[in-house]
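# Residue-level structural notes
Residues per chain, in single letters:
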Amino acid sequence: MATDEGRAPTQLLAMPSWLLTQSAMHAHRIISETFAAGNARGYHYRLLATLAEYGPASQASLGRRTGIDRSDVVAALNELADLGYVVRSPDPADRRRNVITLTPEGEQQRQRLETLIRAAQDELFAPLSPSERDELTTLLAKVLSHHQG
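These notes cover the structure that comes with them. (Residues numbered from 1 in each chain as written. Predicted model: local features only at pLDDT ≥ 70, side-chain atom pairs only at ≥ 80, totals over all residues. Heavy atoms only, no water.)

## A short note on the pattern of salt bridges
Convention followed: The working definition used for a salt bridge is a side-chain nitrogen of Lys or Arg within 4 Å of a carboxyl oxygen of Asp or Glu. Put simply, DSSP H or I for four residues or longer makes a helix, DSSP E for two residues or longer makes a strand, and each gets a number counted from the N terminus. Exposure classes here rest on a 1.4 Å probe applied to the protein chains alone. A residue is buried below 20% of its type maximum, exposed above 50%, and partly exposed in between.
Inspection of the entire model under this criterion finds 8 salt bridges. One salt bridge in this structure joins R29 and E33, with 3.7 Å as the shortest N-O distance. Pair noted here: R29 and E33 are both in helix α2 (residues 16-37), with a separation of 4 residues, about one helical turn. Taking relative accessible area as the criterion, R29 reaches 39% and is therefore assigned partly exposed. Classification of E33 as partly exposed rests on a relative accessible area of 46%. Through salt bridges with shared partners, one network takes in E107, R110, E114 and R118.

Below you can see the structure in the form of structure tokens.
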């Protein structure tokens, strides 16, 4: 006799929000393990990727672009600076704030992490075809955009 022990109720399995939450827990675990293997944290990658795409920025701007709280931005940037991945310099337009710049070593670390993340994406989304992954990404971006305003 087949057992349904461990299987969620059909009502939950029909709720996209529940499925998203459960999938997010697996994604968080896989991505966290991936960053740990690369001697990094998710905040590190988010900051390095933002600097690589947009160029030097203030700490406040980095926080807004990455969705990282201000105090966590400072702590993560301290770690990245200690590793030589970013440098802080006074903003010529406003000496009260710092401009953060990606170093060549920081770009190399971003590329290493990007390779690890691609492998983690492949693990997480293994049951989906490339077109299904693209469709899922588009739909999730649409939902996120709606709620971010």
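## Describing the side chain of T66
In plain terms, the rule: Polar contact criterion, stated in full: a pair of N or O atoms within 3.5 Å, where within protein one must be able to donate a hydrogen and the other to accept it, and residues adjacent in sequence count only if both atoms are side-chain atoms. Should any heavy atoms of two residues lie within 4.5 Å, those residues are counted as being in contact.
If you trace the backbone, T66 turns up in helix α4 (residues 59-66). Take T66: its relative accessible area is 11%, and that puts it in the buried class. Among the polar contacts listed, one links the side chain of T66 to the backbone oxygen of L62, at a separation of 2.7 Å. If near-sequence neighbours (up to four positions away) are discounted, T66 is found in contact with R46, L47 and T50.

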